[in-house]
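In case you want the letters, here they are:
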Amino acid sequence: MPAEVSQRIDGHRLWQRLMDLARFGATGKGGVCRLALSREEIEARAALVNWARSIGLKPSTDAAANLFLSLEGRESGLAPLLIGSHIDSQPTGGKFDGAYGVLAALEAAQAISEVPERPRRTIEVVAWMNEEGSRFAPGMMGSAVFTGKRKLAEILPVRDRAGVTVEDALKSVLDAAPDIARRPLGFPVAGFLEAHIEQGRTLQDLGYTVGVVTGIQGKRTFRVDVIGEESHAGTTPRRARRDALTSAVAMVDALQKAMWDEGDTVRFTIGMFEVAPNAPSVVPGKVHFSIDLRHDDSTIIERLGNAIAGLCDSTRGKCDVAVRELLYDAPLQFPEGMRSHIAGCAERLGISHMRLQSPAGHDARYLHYVCSTGMLFIPCKDGISHNEAESIAPADASAGARILAEAAFELANQ
Ligand SMILES: [Zn+2]
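In what follows, the accompanying structure is described.

## Concerning the overall build of the chain
Scanning the chain from N- to C-terminus turns up 13 helices and 17 strands. In terms of C-alpha radius of gyration, the chain reaches 23 Å, essentially the compact-globule figure of 22 Å for 414 residues. With 414 residues in all, the chain has 53% of them scored as buried. A separation threshold of at least 6 residues defines the contact pool for the chain, and within that pool the share at least 24 residues apart is 80%. Taken as a whole, the chain presents about 17,400 Å² of accessible surface, with 51% of it coming from carbon and sulfur.

## A few points about the pattern of salt bridges
Inspection of every chain in the model, using the stated rule, returns 28 salt bridges. Salt bridges here are not isolated pairs; linked through shared partners, they connect Arg13, Arg17, Glu107 and Glu114.

## Looking at the coordination of the zinc ion
Bound to the zinc ion are the protein donor atoms His86 (NE2), Asp97 (OD) and His196 (NE2), situated 2.0 to 2.2 Å from the metal. As a motif over one chain, the donors of the zinc ion read H-x10-D-x98-H. Placement of the pair is aspartate 97 in the loop between β3 (81-86) and α4 (99-114) and histidine 196 in strand β6 (residues 191-197), with a sequence separation of 99 residues. Classification of aspartate 97 by relative accessible area gives buried; the value is 6%.

## Concerning empty space enclosed by the protein
Throughout the structure, instances matching the rule amount to one cavity of 30 Å³ or more. Reported here for the largest cavity is a volume of approximately 30 Å³. If you trace the largest cavity, you find it lined by Glu41, Arg45, Ala65, Leu67, Ile87, Ala127, Trp128 and Met129.

## Brief notes about helix α7 (residues 166-175)
Within the sequence span of α7, burial applies to Val166, Ala169, Leu170, Val173 and Leu174. End-on view of α7: buried residues confined to an arc of 130 degrees, all on one side of the axis. On the buried face of α7, the contacting elements are α3 (39-54), β1 (58-61), α5 (141-146), α6 (152-155) and β5 (181-182).

## Things to note about the state of the cysteines
Tallied over the full model, the rule gives zero disulfides. The thiol of cysteine 33 is unpaired, and the distance to the nearest cysteine sulfur, on cysteine 380, comes to 19 Å. Exposure remark for cysteine 33: the relative accessible area of 25% places this residue in the partly exposed category. With no disulfide of its own, cysteine 371 lies 17 Å from the sulfur of cysteine 345, the closest cysteine sulfur. Given a relative accessible area of 8%, cysteine 371 falls into the buried group.

## Considering the layout of surface pockets
Of the volumes computed, that of the largest pocket is approximately 1,800 Å³. Lining of the largest pocket is provided by 50 residues; of these, Glu132, Gly133, Pro138, Gly139 and Lys219 occupy positions nearest its centre. Listing elements by their share of the lining of the largest pocket, those giving two or more residues are β8 (218-227), β13 (286-295), β14 (320-329) and α12 (364-367). Of all the elements, β13 adds the most residues to the lining of the largest pocket, at five residues. By residue class, the composition of the lining of the largest pocket is 16 nonpolar, 18 polar and 16 charged.

## Describing the pairing of β3
In terms of burial, β3 is largely enclosed, as six of its six residues are buried. In this view, the connection linking β3 to its parallel neighbour strand β4 (residues 123-128) by way of α4 has right-handed handedness. Strand direction decides the pairing type here: β3 and β6, joined by three bridges, are parallel. Bridging from a neighbouring strand, isoleucine 83 pairs with leucine 193 of β6.

## Some details on the side chain of arginine 121
For arginine 121, the position within the fold is in the loop between α4 and β4. From its side chain, arginine 121 meets the backbone oxygen of glutamine 414 in a polar contact 3.0 Å long. Setting aside chain neighbours within four positions, we find arginine 121 in contact with Gly73, Leu78, Ala79, Ala190, Leu411, Ala412 and Gln414.

## Looking at the packing of α4 against helix α13 (residues 394-412)
Look at α4 against α13: their axes get within 8 Å of each other, and the N-to-C directions meet at 55 degrees. Between α4 and α13, the angle is such that the two are oblique. Two packed elements cross with a definite hand, and for α4 against α13 that hand is right-handed. Two secondary-structure elements touch here, α4 through Tyr100, Ala104, Ala105, Ala108 and Ile112 and α13 through Asp396, Ala397, Gly400, Ala401, Leu404, Ala405, Ala408 and Phe409.

## Side note on the nonpolar core
In this structure, Leu48, Ile83 and Tyr100 are the most contacted members of the largest nonpolar core, which totals 63 residues. Dropping the residues within four chain positions of it, leucine 48 is found in contact with Leu67, Leu69, Ile87, Val102, Leu103, Leu106 and Ala127.

## Description of the environment of threonine 165
As for its position among the elements, threonine 165 is in the loop between α6 and α7. Take threonine 165: its relative accessible area is 9%, and that puts it in the buried class. Between the alpha carbons of threonine 165 and phenylalanine 96 there is a distance of 27 Å; along the sequence they are 69 residues apart. Once residues lying within four places of it in the same chain are set aside, the contact partners of threonine 165 are Phe136, Leu156, Pro157, Val158 and Arg159. Within the structure, threonine 165 has its side chain in polar contact with the backbone nitrogen of aspartate 168 (distance 3.0 Å).

The rules we used
The residue numbers shown here count from 1 along each chain, following its written sequence. In keeping with the predicted nature of the model, local features appear solely for residues at pLDDT of at least 70, side-chain atom pairs appear and are counted solely at 80 or more, and the whole-chain, interface and lining totals rest on all residues. To obtain the side-chain values, all non-hydrogen atoms of the structure were used and water was disregarded. Counting from the N terminus, the helices are the DSSP runs of H or I reaching at least four residues and the strands are the DSSP runs of E reaching at least two. To get the radius of gyration, use the C-alpha atoms; to get the globule rule, take the number of residues to the power 0.38 and multiply by 2.2 Å. Between buried and exposed lies partly exposed: a residue is buried under 20% and exposed over 50% of the maximum accessible area for its type, with that area taken using a 1.4 Å probe on protein chains only. Residue contacts are defined here by distance: any two heavy atoms, one from each residue, within 4.5 Å place the two residues in contact. Here, Shrake-Rupley sampling with a 1.4 Å probe gives the accessible areas, and only protein chains in the shown set may cover a residue. The working definition used for a salt bridge is a side-chain nitrogen of Lys or Arg within 4 Å of a carboxyl oxygen of Asp or Glu. The rule for donors is simple: an N, O or S atom within 2.8 Å of the metal counts, and for Na, K and Ca the reach is 3.2 Å. Water is not among the atoms, so a site may look short of donors. Lining residues are defined by having an atom within 4 Å of a point belonging to a cavity or pocket. Those points lie on a 1 Å grid over the protein atoms alone, cavities being sets where a 1.4 Å probe fits but cannot get out and pockets being open sets with protein on both sides within 12 Å along at least five of seven lines. Grid points are joined across faces, edges and corners, and a volume is the space filled by probe spheres set on the points. To obtain the arc, one takes the directions from the helix axis to the C-beta atoms. By disulfide we mean two sulfur atoms from cysteines, separated by a distance within 2.5 Å. Throughout this entry, Asp, Glu, Lys and Arg are counted as charged residues, while Ala, Val, Leu, Ile, Met, Phe, Trp, Tyr, Cys and Pro are counted as nonpolar. The remaining residues, Gly among them, count as polar. We call a crossover right-handed when, viewed with both strands directed away from the observer, the connection leading from the first strand over the helix to the second proceeds clockwise. The pairing criterion for strands is at least two bridges between them, as found by DSSP. Here a polar contact is taken to be a pair of N or O atoms separated by no more than 3.5 Å, where protein atoms must pair a possible hydrogen donor with a possible acceptor and residues adjacent in sequence count only if both atoms sit in side chains. Axis lines are fitted to C-alpha atoms, over the contacting stretch for helices. Their N-to-C directions set the angle, which ranges from 0 to 180 degrees. Any angle that is under 35 degrees is reported as roughly parallel, and any over 145 degrees as roughly antiparallel; angles of 65 to 115 degrees are reported as roughly perpendicular and all others as oblique. Helix crossings fall into two classes, left-handed where the near helix is turned counterclockwise from the far one by less than a right angle and right-handed where it is turned clockwise. To qualify as a nonpolar core, a set must consist of buried Ala, Val, Leu, Ile, Met, Phe, Trp, Tyr and Cys residues joined through side-chain atoms within 4.5 Å.

Below, the structure written as structure tokens:
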């Protein structure tokens, strides 16, 4: 029975849908700009719903515009199995980040729908709202509110650069498809499987077709505000200056040294640095900068992250400093049962696989808090992602979908 499901995966159909979906928000350089809740994403959602309906899946959505496409199971009243990812992209994104996971899930659901016996549980293909967080920050909004990690009321007032709120953008997405059933936000889920492109080059370099994801790296983000005093560059002697830039540079230096590790496993980034008033003849009065800290090990990320405020304070000189932690997502491990289930499916299908940790965050992070969750990666060329040049091989896309179909079919029968 199981092998029958994966044999029905049609790699050409999957590839064609990937190319068709990539037309919504297509950029000149072969990439995609399909920001969350945008016109382009509304059109892409409509295409997904059309494909789903044509193969007998029922679309539904919730107050966060998460999109579900359900393949009814044989037994009613059981919590469904969810499979999917996201279809929003970065402004200069590629065709496959997120879209692969949704369309591989759609292909898996179609393959499962074609075998004579339906699985016990309903299988729902899901496209989570705003994973990327580039139009409305932060990302993974849909999965965060679905799992109760954040409240809907917290995300509704968030604005994009043009001043549009999430609330208004959600309304335009939901109003564009009034025929799609609405359901309550958050419901019991039996499990979640997410397929995704690796966005790194481990699989390519080591020559494996699929990665069984062991867990997701932990992440902490901070905002540092350094307050000095604006003064005249020509008349203010050094001893009288409260130069926010000089203090900030000392902080950055101390932080870089403290975060340095022999093994090169700490990911420490100051990606944003703003000086005010940013005028050539004014001693800087204010600096604000960002910190993005990531590590696999919870004790290390805790220790390093907890040291940040002290390091900034001890190097602030004559300025004041405020360090605010914006996010703390601890490193997580997916359940071993889920990992060995995915690896077992790959083994039976004769698809080469290895285990690897995900350095990037995914919607699976939040689902992991409420149900048994697993992820699989397929290679992406040279590890290039969040880039219009993002590329995958059709054979790998098909192999990942075959494993996803097998794994989902078995889980939905439990
Ligand atoms: Zn993604």
